[in-house]
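# An overview of the molecular structure
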There are 2 protein chains.
Amino acid sequence: MAASGAPSLPRTAFFISDSTGITAETLGSALLANFPGMLFVRHTIPFVDSVNGAIAVSLDIQRVIDSGAQPVVFTTVKSADIRSALDVPGSVLVDLLSGHLTELEVALGTSRSEQLGQFHGVGDIDRYFARMRAVEYAIEHDDGQSGRALDIADVIIIAPSRCGKTPTTMYLALQYGLLVANYPLTDDDFPTDGLPGSVNRHAAKCFGLTTNPLRLSQVRHERRPNSVYSSLAQCTLELRRAEDLYRRNRVPFLNSSTKSVEEMSAVIMQSMRLRS
Amino acid sequence: MAASGAPSLPRTAFFISDSTGITAETLGSALLANFPGMLFVRHTIPFVDSVNGAIAVSLDIQRVIDSGAQPVVFTTVKSADIRSALDVPGSVLVDLLSGHLTELEVALGTSRSEQLGQFHGVGDIDRYFARMRAVEYAIEHDDGQSGRALDIADVIIIAPSRCGKTPTTMYLALQYGLLVANYPLTDDDFPTDGLPGSVNRHAAKCFGLTTNPLRLSQVRHERRPNSVYSSLAQCTLELRRAEDLYRRNRVPFLNSSTKSVEEMSAVIMQSMRLRS
């Protein structure tokens, strides 16, 4: 990451939760991303749901303070008693939830429930089934393995090898329970009209990925060093052909080279109108 | 979910971001989970990174207000101008980031960078490679498909069919770049000592899943209705055998019946000391 301001010794960030720690980690990391000049050693500590548990954690925080650094402690813990046990002099405690909960209580005109927030809880068994089905569908239809059941696909991601089809497919399946197939474009897959093979009937569901030749060559090199497959010439050729194919068939596509799996997924859902 | 307070007509919640919307959705949903008595229709609107974009969104918010409901608008947008364009009278705007950013600026003694926070950005190409490798490893080693390369697995999840191995495996691979294999326990897989087949050499890396017989029967029924496989008797037997196997071999395990994929993943990482 580009440094803004003076670079500094790594600091320590704790993400402390009474549940999985995912919310604390997600928001805390999003906040720290605004200070690219600073390095942080990160510790996520989930399931801190008792004062005794918090006291144990406070000793870890104290150790960092004793080492001379000022740790930043992000917490989503809802109990005020547990939070105060985490508030160690010499550290910075950032309370990510309870302030907003108070805002919401006022706005909604009702008080929060006393149970621990269970938004990651299985609670919604339908969502659980949907995710399980979606992940299994994604595995079955990874890399064009199966042309079956493409009719029920929510989206079919097409791209040359190593453009990011598989992780993006899995992310959409896991996070959103979408049925996502993906299909690799190989040298034999550039018909003069239409889309190749089993996806041609489903052109309206297709979304294309491309990347930069240099990046693709670098990624392919990881798998097959010094091969035609990973050569810059081959990568350049395949990407040009793929982009032509997308344009000819009006397949929306994006360049994955500067995008994370999360960003690609968000763009695909947006573009294919897959968001509720 | 259990209702706290009077049940109400569904309200509308917007999650509005200048980036992917993941942080807004994650924290906003975690906050709403504390009001289980209230139903919310949810809209995530990513990539709102201009005042004009925000004005377009404000029209959607206005439509909800005109319908007589008071929408809750969660935003992680960093630009004050864009945020104020989102602040529509009659709605509740919950600013999830900028207040905490100000706290952090004070605590860290430095000002935030002006670039958009890119914590979901590909920025870290090593993480991108790690996730891609991990997802491909998970696919290759799903459901005991391959005994190869178990030596490099970070963890091997073992369980009877339908206890949640595959989605949990995929989540750990995608979110944390961990190399996770999984191995199904079938009727032939209950040796009198040790662990079955290819995983026996890797007992120290194994983590077991179990569930409740009724829940398992329900989940299996989805796949094969009215089969021996989905019968309560068969499910009860397989789960008892699996739990015996875990105990005999000191394999840590958890009951997945009341846990989400996120919770199982957090417990596994905790228990197997896979957190950095």
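Calculation notes
- Residues numbered from 1 in each chain as written.
- Chains lettered and ligands numbered in written order.
- Predicted model: local features only at pLDDT ≥ 70, side-chain atom pairs only at ≥ 80, totals over all residues.
- Heavy atoms only, no water.
- Contact = heavy atoms within 4.5 Å.
- Salt bridge = Lys/Arg side-chain N within 4 Å of Asp/Glu carboxyl O.
- Polar contact = N/O pair within 3.5 Å; in protein donor to acceptor, adjacent residues only side chain to side chain.
- Nonpolar A, V, L, I, M, F, W, Y, C, P; charged D, E, K, R; others polar.
- Pairing = 2+ DSSP bridges.
- Helix = DSSP H or I, 4+ residues; strand = E, 2+ residues; numbered from the N terminus.
- Axes fitted to C-alpha atoms, helices over the stretch in contact; angles between N-to-C directions.
- Least-squares fit on C-alpha atoms with pLDDT ≥ 70 in both.
- Buried < 20%, exposed > 50% of the residue type's maximum accessible area, 1.4 Å probe, protein only.
- Expected span 1.5 Å × (residues − 1).
- Domains from an automatic or database assignment.
- Core = buried A, V, L, I, M, F, W, Y, C linked by side-chain atoms within 4.5 Å.
- Disulfide = S-S within 2.5 Å.

## Here's the deal with the interface of chain B and chain A
Taken together, the contact between chain B and chain A spans 90 residues of the former and 89 residues of the latter. Between chain B and chain A we count 8 salt bridges in total. The partner of E222 of chain B in a salt bridge is R133 of chain A, and the shortest N-O contact between them spans 3.0 Å. Summed over the shared surface of chain B and chain A, the number is 11 residue pairs in polar contact (both at pLDDT 80 or more). For the side of chain B that touches chain A, the class distribution of residues is 42 nonpolar, 27 polar and 21 charged.

## Topic: the sheet that holds strand 1 (residues 11-16) of chain A
Strand order across the open sheet formed by 4 strands is 2-1-3-4 (chain A), with parallel pairing between neighbours. Strands with a single pairing partner mark the edges of an open sheet, and in this sheet they are strand 2 (40-45) and strand 4 (92-95) of chain A. Between one strand axis and the next, the sheet turns through 20 degrees on average, direction left out of account. When strand 3 (residues 72-75) of chain A meets strand 4 of chain A, the two strands line up parallel, connected through 4 bridges. Across the sheet, T75 of chain A pairs through a bridge with D95 of chain A, a residue of strand 4 of chain A. Packing of helix 1 (residues 22-32) of chain A onto the sheet brings it into contact with strand 1, strand 2 and strand 3 of chain A, and relative to strand 1 of chain A it is tilted by some 150 degrees. The sheet strands contacting helix 4 (residues 98-108) of chain B are strand 1, strand 2, strand 3 and strand 4 of chain A, and the helix crosses strand 4 of chain A at an angle near 180 degrees.

## Digging into the relation of the copies chain B and chain A
The second copy of the chain is related to the first by a rotation about an axis and a shift along the axis. Taken as rigid bodies, chain B and chain A are interconverted by a rotation of 180 degrees and an axial shift of 0.0 Å, the fit giving an RMSD of 0.0 Å. Considering both components of the superposition, the chain copies are consistent with a two-fold axis. Of the interface residues in chain B, 99% have counterparts in chain A that sit at the interface too, so the contact is made through matching surfaces.

## Observations concerning helix 9 (residues 261-271) of chain B
A large share of helix 9 of chain B lies buried, amounting to 8 of its 11 residues. Once helix 9 of chain B ends, the next one or two residues include R273 of chain B, with phi positive near 50 degrees.

## Focus on helix 5 (residues 125-140) of chain A
Given a rise of 1.5 Å per residue, 16 residues ought to cover 22 Å, and the 22 Å separating the end C-alpha atoms of helix 5 of chain A matches this to within 8%. Taken residue by residue, helix 5 of chain A has Y128, F129, R131, M132, A134, V135, Y137, A138 and I139 of chain A as its buried positions. If you follow the buried residues of helix 5 of chain A, they end up packed against helix 6 (165-176) and strand 6 (180-185) of chain A together with helix 5 (125-140), helix 6 (165-176), helix 7 (213-223) and helix 9 of chain B.

## Some details on the pattern of salt bridges
One pass over the structure, following the stated rule, counts 22 salt bridges over all chains. Between E136 of chain B and R223 of chain A there is a salt bridge, with the nearest N and O atoms lying 3.9 Å from each other. Of this pair, E136 of chain B sits in helix 5 while R223 of chain A sits in helix 7 (residues 213-223), each in a different chain. Residue class for E136 of chain B comes out partly exposed when judged on its relative accessible area of 22%. Here R83 of chain B ties to D95 of chain B by a salt bridge, and the two come within 3.3 Å at their closest N and O atoms. Here R83 of chain B is found in helix 3 (residues 80-86), whereas its partner D95 of chain B is found in strand 4 (residues 92-95), with 12 residues between them in sequence.

## Comments concerning the domain arrangement of chain A
Taken domain by domain, chain A consists of domain 1 (11-120) and domain 2 (125-271). If you average the C-alpha positions of domain 1 of chain A and of domain 2 of chain A, the two centres end up 38 Å apart.

## Examining the nonpolar core
In this structure, I156 and M170 of chain A together with I156 and M170 of chain B are the most contacted members of the largest nonpolar core, which totals 99 residues. Residues contacting I156 of chain B, with those up to four places away along its chain left out, are L150, A181, Y183, V199, H202, K205, C206 and F207 of chain B. Core analysis: the next-biggest nonpolar cluster, separate from the first, contains 37 residues, M38 of chain A together with A13, F40 and V92 of chain B among them.

## Focus on the state of the cysteines
Residue and element names in this part refer to chain A. A full pass over the atoms with the stated rule returns 0 disulfides over all chains. Counting only cysteine sulfurs, C235 is the nearest neighbor of C163, a cysteine outside any disulfide, at a range of 8.5 Å. Take C163: its relative accessible area is 1%, and that puts it in the buried class.

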